[in-house]
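# Reading the structure
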Amino acid sequence: MKALLIIDMLNDFIREDGSLYVGRKGEELVPFIKEKIEEFRKENNPIIYVCDNHETDDSEFQMFPCHCVANTEGALIIEELPVEKRDKIIKKRRYSSFYGTDLDLYLREKGVDEIYLVGVCTNICILYTAADGRNISYKVNIYRDGVTSFDEAAHEFALKEAEKTLGCRII
Ligand SMILES: [Zn+2]
C-alpha cells in the first residue's frame, strides 16, 4: 500500500506573513498537492500531514528563526488544504518525519511500504524524511512538482542526492 506525506504545509512556511516564509513557490505547490490528495483519497490510500511543532525554546531556533511553535497560528496547516477526520496528523520537532514520531508505526499498521512526499523544504524536511524512510527500507517517491525550497540550488541538489544516493524515485 502507498501513502501520501504532506510535509510542513503550515502557515509559518507558506503564508506570506509566516515567520519562515519559503516564498511564492510554496503557495504555488497548493494546486498540485490538492490534486494528489484527491488521487490518494480515491484509492483509499492514507493521507498523512506531517507538521513542524516546536517548543518555544526549541534548539532548532539556534539555526532558524522561531517558527511553528506548538499551539500557535503559525503551526497550523494552511486552510487551503482539505484535512479530513480520517487523515493522520503527525507532529515533529526535527527535520525527519520519522524522528521521535509514530510515523513508522502508523505506516506499518496500515501496511504501507511505499511513501510519496510533497511539501517543503526539499533540502531539509523532505530530504531527511526520504533518508530515514530509505534507511528502514520504505520505497520513497518524491513528486518534483510537489516540493520546493527557498534555496533553488539546494532544492536541485537534494533531488539529485535523493535519487542517486538514497535510491528514491523522483517523479
Ligand atoms: Zn522546524
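None of the values given here were measured: they were computed from a predicted structure.

## Quick notes on the pairing of strand β2 (residues 47-52)
Among the six residues of β2, six are classified as buried, and the element is accordingly described as predominantly covered. Of the pairings in the sheet, the one linking strand β1 (residues 2-7) to β2 comprises four bridges and is parallel in character. Within β2, the residue paired with I6 across the bridge is Y49.

## A short note on the coordination of the zinc ion
Coordination sphere of the zinc ion, protein contribution only: D52 (OD), H54 (NE2), E60 (OE) and H67 (NE2), at 2.0 to 2.1 Å. Note that the zinc ion binds four donor atoms; their angles at the metal cover 92 to 162 degrees, and the shape is irregular. We note that the donor set of the zinc ion lies within a single chain, spaced as D-x1-H-x5-E-x6-H. Placement of D52 in strand β2 and of H67 in the loop between β2 and β3 (88-92) is noted, with a sequence separation of 15 residues between them. Overall, D52 belongs to the buried group, its relative accessible area being 2%.

## Comments concerning the sheet that holds strand β4 (residues 114-120)
Strand pairs in the sheet, formed through backbone hydrogen bonds, run parallel or antiparallel to each other. Spatially, six strands are ordered β3-β2-β1-β4-β5-β6 in an open sheet, and the strand pairing comes out parallel. A strand with exactly one partner marks an edge of an open sheet, and here the two such strands are β3 and β6 (169-170). With two bridges connecting them, strand β5 (residues 139-148) and β6 associate as parallel partners. Residue pairing for β6: I142 is matched across the bridge by I170. Of the strands in this sheet, β5 and β6 are in contact with helix α6 (residues 152-164), which crosses β5 at around 165 degrees.

## Let's talk about the nonpolar core
One recurring pattern in soluble globular proteins is that nonpolar side chains are buried together. One finds I6, L81 and I142 to be the most contacted residues of the largest nonpolar core, which totals 57 residues. Broken down by element, this core gets its largest block of residues, six residues, from helix α5 (residues 122-135). Apart from residues lying up to four places away in sequence, I6 is in contact with I33, I37, I47, I48, Y49, V50, L81 and V118.

## Brief notes about the UniProt feature "domain: Isochorismatase-like" (unreviewed entry) in the protein
Mapped onto this numbering, the UniProt entry annotates "domain: Isochorismatase-like" (unreviewed entry) at residues 3-164. Structurally, residues 3-164 is divided into 35% helix and 20% strand, and its ends, taken at the C-alpha atoms, are 22 Å apart.

## A short note on the packing of aromatic side chains
Under the criterion given, the structure shown has six aromatic pairs. Here the aromatic residues F32, F40, Y116 and Y143 are joined through ring pairs into a cluster of three or more. The aromatic ring of F40 is capped on one face by K2, whose charged end is 5.0 Å from the ring centroid. The ring of Y116 has K2 lying over it, and the distance from NZ or CZ to the ring centre is 5.1 Å.

The rules behind these values
- Residues numbered from 1 in each chain as written.
- Predicted model: local features only at pLDDT ≥ 70, side-chain atom pairs only at ≥ 80, totals over all residues.
- Heavy atoms only, no water.
- Buried < 20%, exposed > 50% of the residue type's maximum accessible area, 1.4 Å probe, protein only.
- Helix = DSSP H or I, 4+ residues; strand = E, 2+ residues; numbered from the N terminus.
- Pairing = 2+ DSSP bridges.
- Donors = N, O, S within 2.8 Å, 3.2 Å for Na, K, Ca; no water.
- Tetrahedral: all angles 85-135°; square planar, octahedral: opposite > 155°, others 65-115°.
- Contact = heavy atoms within 4.5 Å.
- Axes fitted to C-alpha atoms, helices over the stretch in contact; angles between N-to-C directions.
- Core = buried A, V, L, I, M, F, W, Y, C linked by side-chain atoms within 4.5 Å.
- UniProt positions renumbered as here; feature names shortened; annotations may be inferred.
- Phe/Tyr/Trp six-rings, centres within 6.5 Å; stacked < 30°, edge-to-face > 60°.
- Lys NZ or Arg CZ within 6 Å of the ring centre and 35° of its normal.

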